[in-house]
Amino acid sequence: MSIQWFPGHMAKAKREAKEKMKLIDVVIELVDARIPLSSRNPVIDEITQGKPRMIILNKSDLADPNMNKVWRKHFEDKGHVVIEVDAQKGKGIKGIPPAVKEQASAMIEKMIRKGMKPRAVRALILGIPNVGKSTLINRLANKKIAKIGDRPGVTKSQQWIKVGKEMELLDTPGILWPKFDDEAVGFRLALTGAIKEEIFDFQETAVFFLKYVKEAYPEILKDRYNLTEVPDDIVELFDEIGKKRGCLVSGGLVDYDRTAELVFRDFRSGKLGRLTLEQP
Ligand code: G4P
């Protein structure tokens, strides 16, 4: 992910996503299962313009399995079709083509009524950076990428990937920019990799993370950092973790920068186990 998001980039991304929308029947909205709301962008409603769409909770292998169920129900209650996926390992992706077809059933019925032979349903994957769009496209393509020619109005570089007999997927995803309107959203995006490391502060991000985790998953902190109790005070918690992990400066004081980065890396690498960073 190399883009810094400026208004010009956002306008361009929106224009490109809207262009792609003209070619497709169903939108596959990809979100990060650890931050299903923070990894959405409200502009998606405007971009998708009422096209049938479904939500994929990707990276579900990294999220709390109980919270995956909670989030799935949350979105289903709002009328969405939801699928939990681990695009890296391919888990859950078998459910995507039938769900895409189901979403396009009204369109298919209309074609049949008009005496036309129903064609494959055309889908687009849409989501913010690093949410797993390319990984999912490659998975669905199953390495046997069948290029089946351009469609009118698309630049030559865009191709359709055949997924089974009844689905075609645009080979380049629609990219949305992350939300920037709320500090907490920014921290969640930083933690999960949607924002470049150079532009955020490890200490601030780790404070946000530890405050959440000590409430939602205290046992995880106890296990990982060998704590008998999780201190309520965040500085004390930093001290405990820093000491246990040897993140010290001369004189035996805790090095907060190193401790923060250690906690951050432990989360990113999955060493803390499966965590979801927000609740509906
Ligand atoms: P993008 O096109 O939306 O920008 O995302 P991309 O597919 O490049 O995926 C971003 C990172 O997320 C990749 O790791 C990819 O392997 C990982 N990823 C995608 N889907 C899943 C999933 O379901 N589970 C897990 N565990 N990982 C997934 P990477 O290239 O190593 O980048 P990073 O780990 O440094 O973020």
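Being a predicted model, the structure only gives us computed values, none of them experimental. (Residues numbered from 1 in each chain as written. Predicted model: local features only at pLDDT ≥ 70, side-chain atom pairs only at ≥ 80, totals over all residues. Heavy atoms only, no water.)

### Quick look at helix H11 (residues 256–268)
- Across its 13 residues, H11 extends 18 Å between first and last C-alpha, which sits within 8% of the 18 Å expected from 1.5 Å per residue.
- Along H11, the residues that are buried comprise Thr-259, Ala-260, Val-263, Phe-264, Asp-266 and Phe-267. Angular distribution of buried residues about the axis of H11 spans 160°; they occupy a single face of the element.
- One side-chain oxygen at the N-terminal end of H11 lies 3.2 Å from the backbone nitrogen of Asp-257; it belongs to Asp-255.
- Once H11 ends, the next one or two residues include Gly-270, with phi positive near 85°. (Helix = DSSP H or I, 4+ residues; strand = E, 2+ residues; numbered from the N terminus. Expected span 1.5 Å × (residues − 1). Buried < 20%, exposed > 50% of the residue type's maximum accessible area, 1.4 Å probe, protein only. Arc of directions from axis to C-beta. Polar contact = N/O pair within 3.5 Å; in protein donor to acceptor, adjacent residues only side chain to side chain.)

### Some words on the site of the ligand
- Looking at the ligand, there are 15 residues lining it, with Ala-87, Asn-130, Lys-133, Ser-134 and Thr-135 nearest.
- Within the contact set of the ligand, an oxygen atom lies 3.0 Å away from a side-chain nitrogen or oxygen of Lys-59.
- Between the ligand and the protein, one listed contact pairs an oxygen atom with a side-chain N or O atom of Lys-133 at 2.7 Å.
- Here the ligand, which alone exposes 720 Å², has 64% of that area covered by the protein. (Near = heavy atom within 4 Å. Areas by Shrake-Rupley, 256 points an atom, 1.4 Å probe, with all protein chains shown as cover.)

### Some remarks on the side chain of Asp-64
- For Asp-64, the location among the structural elements is in the loop between strand S2 (53–58) and helix H3 (65–77).
- One buried charged residue, Asp-64, remains without a salt bridge, the closest side chain of opposite sign being Arg-274 at 6.7 Å.
- In terms of polar contacts, Asp-64 uses its side chain to reach the backbone amide nitrogen of Asn-66, at 2.9 Å.
- Contact partners of Asp-64, with chain neighbours within four places excluded, come to Tyr-217, Arg-274, Leu-275 and Thr-276. (Lys, Arg positive; Asp, Glu negative; His and termini not counted. Salt bridge = Lys/Arg side-chain N within 4 Å of Asp/Glu carboxyl O. Contact = heavy atoms within 4.5 Å.)

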